[in-house]
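# Breakdown of the fold
Residue strings, one per chain:
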Amino acid sequence: MLQGTLDLLILKTLALGPAHGHTIAYAIERRSDDVLQVEHGSLYPALHRLEDRGWITSFWGTSENNRRARYYRLTPAGRKQLTAQTTRWDELVRAINQILKPATSSE
Amino acid sequence: MAFSRFFRRSRWDDERARELEAHLEIETADNIGRGMAPKEALEAARRKLGNVTRIREDIYLINTIGIVDSVWRDLLYGARLLRLNPGFAIVAILSLALGVGANTAIFQLLDAVRLRALPVTHPEQLVEVRIPGNDNRSGAVMGRHPVLTNLLWERLRDRQQAFSGVFAWGSIGFELSAGGESREAEGLWVSGDYFRTLDVQPVVGRLLVADDDRRGCAAPPAVISYGFWQREYGGSPSAVGRAISLDGHSYDIVGVTPASFFGVEVGRSYDIAVPLCAEPYSRASRSSLDRKDAWFLAVIGRLKSDWPSEKATAHLRTLASDMFRETLPNYSPEDTREYLASTLAAFPAQTGVSNLRSDYESPLWLLLATTVLVLLIACANLANLMLARATAREREIAVRLALGASRGRIVRQLTAESLLIAAAGSAAGALLAQWLSRLLVASLATEDDRVFVALAGDWRVFSFIALLAAGTCMIFGVLPAIRATATSPGAAMKAGSRGTTDSRERFGLRRLLVVAQVALSLVLVVGALLFAGSLRNIVTTDAGFTHDAILVATVDFRRAGLSDANITLTHAQLLERLRRQPPVQDAAQVRVVPVSGNFSNRRIVIDGVERKENVNRNAVSDRYFKTMTTVMLAGRDFDARDGATAAKVAVVTESFARVFYGGQNPVGRTFQVAEAPGQPRPIYEIVGLARDSKYGDLRESFEPLMFVPAAQDDQVALTQRLVIRTADVARTTAAMTAVVRTISPSIVVTYRTMQAQVRDSLLRERLMATLSGLFGGLAAVIAIIGLYGVMSYFVVRRRNEIGIRMALGADRREVVRMVMREAAILVAAGLTVGAVAALLAARTASTLLFGVKPYDPITLATAIAGLAIVATLASYVPAWRASRLEPTVALRED
């Protein structure tokens, strides 16, 4: 997975609603049709970093099958960050595409 | 943010551990749901998540401020080492505390006296107005800063445009006592704008304003200092409104200045400030306000914002010529020429004015240099100790280096311990300095000279201490640590396993440190010997009079309300009765007590030609020369013939005869005293020739001096002085006080022994001799301990070699010689370097020396010989111990 994209994917996943680490990992894998594999080992440090920056907050809750789990929720700052990062990502993808597939009409 | 995380790391870690556990549980449950066996499910979940400890560590690292964390750990490690070896820690911290304390105390004093600005608003705008270059004023020169006359000041005040505020002030001692024992207060004459210009606000009441200082003021107000208010009135607000009697004249106290305000003179504090216009009120016919030749005021102004100092000087110069022309005193032609050529200029006064500064600035810098050297020597000793300890750990260090620890990391860890020592030592030193600097200030004060220095820790003092701490830590911490890690691990492991002889290279730094110690201590010992020699020279110098058993009595008639004629009469009566008191061997009246700092001089005219040399002058009664045991070489003493109306006579000294009469016996010759034009020039007949004696200062060489009879003196002083020769000071003062009381209860008498006066006049020399002696001795002791330490270490490191030599037949004397040779090389190198450094360093002290050349060969030789002898003794002990080694034992040991 590309460096830094994990943060974006976590934020995007949480935009749909609060979730715990396990759910987030599987949600990302499922929604990418299992193309993106989230290494569970790097997920938790990433969550910690995002929380530290104030983009997400956490609380202890109960999971679907009645287990204690730490849930994460997007903060307003996180929402803003998501928008900004998404825009930035789009620009990046467009720029890379321009290089990889130049417009044929120019010549 | 980062720091709150930093301090909550462990709580976070627990959270994460629980979270990861929850993750595993959920994953396991999912796996079971997918049909795995429970055990297999858990293992699959673990595999998927990876190393839990590793994840926790990753998160922990996010929370860590890397350098802080490792430094903190190093410090804890250092603290543990210190606790393990408390003896070393105590010695190290104590020696640093002493060194830092002495340095800080002297620096604090320098800071207060030299560096710190006056505690008033915008001190950088203050400038002092002075006559540049001229300190040779004729007339009455009074107070501690006699710069201008009142007539010059009034013109300056009325005409200047450079200052937003300008004021004049003069110092005066006020007598508080109504009679009997004297009680002096430090007084100030201040002009109206004094407090406004300095922007001082009252604590109680009000301060003086321009309206208080109008010529002819009748019931003048007085402002008192905070200290005086506390001392005399217990800080009671009711002090304001009370009357206070100064020299027998009443003033109304109107206000108190804040505790931080001590005036504009650094080194003194004032008690009472009264308006300048009250001067005639206090001194009546002796008033100086309209005297054109009465120098007693100093002037300070606050520059307007658009007036740089140079512009102000230019402005003052244009004002000066008119001012000096209009106020020309009735001077002799030579003085007139000088006076009219005078001008005025503005000098920076941000740090106030100070006599203490001019007297003590260079001694203090010199002492600071001395204490820095002592600290350096002490640091070198600590560095040697640290090196020894690092050597003991060299295998450990080698192993760690071999295992891939970075050198910087190990240096940091080794330094942590010294950093703790440096910090603790400096903190203790800073505390010690508070006490030492007060002691130092107290030792600067004399009976006459009440020294007040506002000692406060400001940023300069704190940065100085921090600098010392960092510097010392560098020397005895970082340097040895770098040295200890500078070996290749392989070599260290090999060398550590079985030492035979020690490589010179590894031992080099320790030798270098000892050489430096010996060199620096030689510099300090030479300095100490120079100052001690200088003091001895002054004390034993021939003053021309004896100071043993002489009592000086000051008789203050200011409150007695007597006419001049009556003062003379009363004083003569007092002297007569005093001479009849049993403990009094002899007594005489004197105008200027020798070595008191007072002086009076005249130009004389011989055969109608005015001579350019100033001649010191004293007015004495009969028996003065007897009392002071000054030998009369020819002619006679003054006696009853030389009354006020009789022909004028004089006794002159050898130098007088040498300068003006080519060394011939001048008795019977005549000369005139140059008076102002139009005044008669009285003719003096020389009736006696006395031996030379010192006048203003013991340090000066003999200069021409003339004595005239006190009865023929040109004016009657309100305070008269007596010199009394007596073996029993206590009985004499009691007898005299009793005599004075029967004459008038309102006469105030002060006593002082001549010895005390001489001692006080040599305060600076005594201080330098004592302190440099103390530091020089300390330096030598520390250096010798260092040498001893290194030689002992040398012997220990070479036990095997010595053992082999002895086993092969070397006798004990040869072993002693070997060790002593080693020591001699170190000491010789140190002394050589030190001798050169001492010669260079002594030059800076040359102005403070009396009768000793800074490059005095005997002093240098004495210091070198002394240190060499002590060093030999110190290295003989380890050498002897080496020769006692049992070869078999030495070889069997590791």
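Rules used in this analysis
Residues numbered from 1 in each chain as written. Chains lettered and ligands numbered in written order. Predicted model: local features only at pLDDT ≥ 70, side-chain atom pairs only at ≥ 80, totals over all residues. Heavy atoms only, no water. Patch = residues over 30% accessible without salt bridge, like charges linked within 9 Å, V, L, I, M, F, W, Y side chains within 5 Å. Areas by Shrake-Rupley, 256 points an atom, 1.4 Å probe, with all protein chains shown as cover. Salt bridge = Lys/Arg side-chain N within 4 Å of Asp/Glu carboxyl O. Helix = DSSP H or I, 4+ residues; strand = E, 2+ residues; numbered from the N terminus. Buried < 20%, exposed > 50% of the residue type's maximum accessible area, 1.4 Å probe, protein only. Contact = heavy atoms within 4.5 Å. pLDDT = per-residue confidence, 0-100. Domains from an automatic or database assignment. Buried area = accessible area lost by both parts, 1.4 Å probe. Polar contact = N/O pair within 3.5 Å; in protein donor to acceptor, adjacent residues only side chain to side chain. Nonpolar A, V, L, I, M, F, W, Y, C, P; charged D, E, K, R; others polar. Pairing = 2+ DSSP bridges.

All names here are of chain A. On the surface, Trp89, Leu92, Val93, Ile96, Ile99 and Leu100 cluster together into a nonpolar patch covering about 560 Å² of accessible area. In this fold, Ile96 is placed in helix α4 (residues 76-100). Assessed through its relative accessible area of 42%, Ile96 is described here as partly exposed.

So, on to the environment of B:Gln585. All names here are of chain B. Along the polypeptide, Gln585 turns up in strand β15 (residues 584-590). Along the primary structure Gln585 and Asp728 are separated by 143 residues, whereas in three dimensions their C-alpha atoms are 9.8 Å apart. If we ignore the near neighbours within four places in the chain, the residues touching Gln585 are Arg725, Thr726 and Ala727.

Here we take up the confidence of the model for chain A. Summarising the model, chain A shows a mean pLDDT of 84, and 93% of its residues fall at 70 or more. Ranking the elements of chain A by mean pLDDT puts helix α3 (residues 40-52) of chain A last with 84 and α4(A) first with 90.

This paragraph deals with the domain arrangement of chain B. All names here are of chain B. Per the domain assignment, the segments making up chain B are domain 1 (2-64), domain 2 (66-116 + 357-501), domain 3 (123-350), domain 4 (517-540 + 760-894) and domain 5 (550-759). Centre-to-centre separation of domain 2 and domain 3, based on C-alpha positions: 48 Å. The interface of domain 2 with domain 3 comprises 10 residues on the first partner and 10 residues on the second. Overall, the association of domain 2 and domain 3 removes approximately 720 Å² of surface from exposure, summing both partners, and the carbon and sulfur fraction of that is 46%. The tally of links between domain 2 and domain 3 comes to 0 salt bridges. Put simply, domain 2 and domain 3 have 2 residue pairs in polar contact (both at pLDDT 80 or more) between them. Each residue belonging to the side of domain 2 that touches domain 3 can be placed in one class, and the counts come to 6 nonpolar, no polar and 4 charged.

This next bit is on the pairing of strand β20 (residues 670-673) of chain B. All names here are of chain B. Side chains Phe671 and Val673 project from β20 onto a buried face, and the interleaved Thr670 and Gln672 project onto a face without burial. Relative to β20, strand β16 (residues 601-606) runs antiparallel, the two being bridged by 2 bridges. Across the sheet, residue Val605 finds its bridge partner in β20, namely Gln672. With 3 bridges joining them, β20 and strand β21 (residues 683-690) adopt antiparallel strand pairing. Bridge assignment links Thr670 to a residue of β21, and that residue is Glu685.

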